[in-house]
Amino acid sequence: MTHASGVERRLPALDGLRGMMTLLVVVSHFFGELPHGLRAVMFGWVAVDMFFVMSGYLIGKLILERKDHANFFQVFYVRRCLRIIPPYALVTVLVWCLVEMLPAWTDTPVQFPLWSYLSFTQTFFMIDQASIGAHWLAPTWTLAVEEHFYLIIPAVLVFTPLRRLTGWLIGAGLVAIILRALLAGTRPSAEYASLVLLPARADILVLGLLGAVAMVRGGVDWARWMIWLRASPLVALVAVGALQMLSPTLFPVFSPTLVAAGCAGYLLAIVHGAPEARVYHSPILRFLGTNSYCIYLTHMPVLGLMHGGLLGAAPDLATPVQGLVSLAALPVTLLVGWGLTKSLEEPAMDYGRRWRWSDVMIKRAQLHSASRLRGLVTK
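Model, not experiment: these values are computed from the prediction.

Reading the values: rules and limits
- One numbering rule holds for all chains: residues counted from 1, following each sequence as written.
- At least 70 in pLDDT is required for a residue's local features to be given in this predicted model, at least 80 for side-chain atom pairs to be given and counted, and no such filter applies to totals for whole chains, interfaces and linings, which use all residues.
- Side-chain figures throughout are based on the complete set of non-hydrogen atoms in the structure, without hydrogens or water.
- By definition, any uninterrupted DSSP run of H or I lasting at least four residues is a helix, any uninterrupted run of E lasting at least two residues is a strand, and each is numbered from the N terminus.
- The buried label applies to any residue whose accessible area, calculated with a 1.4 Å probe on protein chains only, is under 20% of its type's maximum; exposed applies above 50%, and partly exposed to all values in between.
- Throughout, a contact is declared for two residues whenever any of their heavy atoms are within 4.5 Å.
- Think of a polar contact as two N or O atoms within 3.5 Å of one another; within protein, one of them needs to be a possible hydrogen donor and the other a possible acceptor, and neighboring residues in sequence only count if both atoms come from side chains.
- In this text, buried Ala, Val, Leu, Ile, Met, Phe, Trp, Tyr and Cys residues form a nonpolar core when linked through side-chain atoms within 4.5 Å.
- Exposure above 30% relative accessible area and the absence of a salt bridge qualify a residue for a patch, where like charges join within 9 Å and nonpolar side chains (Val, Leu, Ile, Met, Phe, Trp, Tyr) within 5 Å.
- With residues, only the protein chains shown are counted as cover, and all accessible areas are computed by Shrake-Rupley using a 1.4 Å probe.
- Salt bridges are counted wherever a side-chain nitrogen of Lys or Arg sits within 4 Å of a carboxyl oxygen of Asp or Glu.
- All axes here are fitted lines through C-alpha atoms, helices being fitted over the stretch that makes contact, and every angle between N-to-C directions spans 0 to 180 degrees.
- Each angle receives one of four descriptions, namely roughly parallel if under 35 degrees, roughly antiparallel if over 145, roughly perpendicular if within 65 to 115, and oblique otherwise.
- The crossing is said to be left-handed when, going from far helix to near helix, the turn is anticlockwise and less than a right angle, and right-handed when the turn is clockwise.
- Put simply, Ala, Val, Leu, Ile, Met, Phe, Trp, Tyr, Cys and Pro go in the nonpolar bin, Asp, Glu, Lys and Arg in the charged bin, and everything else, Gly too, in the polar bin.

J.: Report on the environment of Arg-230, specifying residues and quantitative values.
T.: One can find Arg-230 in helix 11 (residues 222-246). Classification of Arg-230 as partly exposed rests on a relative accessible area of 32%. Linking Arg-230 and Leu-344, residues 114 residues apart in sequence, is a C-alpha distance of 37 Å. Setting aside anything within four residues of it in sequence, one finds Arg-230 in contact with Ala-269, Ala-274, Pro-275 and Glu-276. A distance of 3.1 Å separates polar atoms of two side chains, one belonging to Arg-230 and the other to Glu-276.

Here it is, written out as structure tokens:
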């Protein structure tokens, strides 16, 4: 471990934005994506895309700002593992065992092996079985996509010269769109592949990364573009609606890109102090944001356990009593998520901060180019 270099920065508005997205996911799963659910509140998919865009932006900015520290890879991966793995492993093991013990409550069409969840390979089982698997563990596919992203993107950003990075990222985004086009309308397993594989979702993360590149490179007159950034969610929503009406076949191919573009524009507007950012300074939203990871991990099993324990069946909204149970599950979810954050996630993150950024700096991209040049001269 080495001494600190620089001060970790955190934007309160982004905590609030993360909290809003967490609330959208929970409401969608509790009241929308159920038998007899309310389709009007099924906005969880938009929130998931915003989570991906935020991950691309925040992780990309972190890497670009810290990549020249001599111990970058060690610190990055140690902190990522301690940030993600402890709560994930605990919840996954407990929930997987509960699914095995309580099949009538979980409405599980297919149960994947525990090791697949722990190794973040459950997405390949989802594709093979054309099934989301255990509903209580279904949200973990997004974490698998992000873990695969974390494995690849540090090396890409560290060893690619900044002047070439934008082109490489745009190329990766285009590949994702082409891949979705090739998979569209073939067979159910292909539809799952277009949803849960990183190569087919890369354009969403790339849009966040491009925002990070623009921030780090500088030279952008953000005030000039502010009105367009603030309007981007509305433009994206109109474009997605028009696409769905005019060409349902192309909707699954291009709608993720359009939604992510709106999310990226809105995120950059919030970062640069758009008036909407004040909303996300709300203590409630910031509470949801700082506890979002553990709330996300536990909200589905909490809902299932409450419906199963009180009503003896999987969650539904066919009766008023079922609706009341779903409402009661909201504060329980927040309490469980907060408790897990305080007891496990935050202590693990505090321990991870013992690995500090080195004061020794290395220009890796320049060294990489120099080594290639020496190789050509030698030949």
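Still more ground to cover, so stick around.
J.: How would you explain the nonpolar core if you had to name every residue and give the values?
T.: By size, the foremost hydrophobic cluster in this structure holds 97 residues, and its most contacted members are Leu-17, Ile-63, Trp-141, Phe-149 and Leu-267. Those residues within four positions of Leu-17 in sequence are excluded, and the remaining contacts are Met-50, Met-54, Tyr-266, Leu-267 and Tyr-280.

J.: How would you explain a nonpolar patch on the surface if you had to name every residue and give the values?
T.: A grouping of Ile-170, Leu-174, Ile-178 and Leu-182 is seen on the molecular surface, where their side chains present a nonpolar patch of about 410 Å² in accessible area. With respect to the element layout, Ile-170 can be found in helix 8 (residues 162-183). Given a relative accessible area of 43%, Ile-170 falls into the partly exposed group.

J.: Could you give an account of the packing of helix 2 (residues 44-66) against helix 3 (residues 72-101), with specific residues and numbers?
T.: Look at helix 2 against helix 3: their axes get within 11 Å of each other, and the N-to-C directions meet at 150°. Here helix 3 runs roughly antiparallel to helix 2, going by the angle between their axes. Of the two elements, helix 2 crosses helix 3, and the hand of that crossing is right-handed. Contacts from Ile-59, Leu-62, Ile-63 and Arg-66 in helix 2 reach Phe-72, Phe-76 and Arg-80 in helix 3. Of the residues in the contact of helix 2 with helix 3, the class split is 5 nonpolar, no polar and 2 charged.

Nothing here speaks to function; it is geometry throughout.
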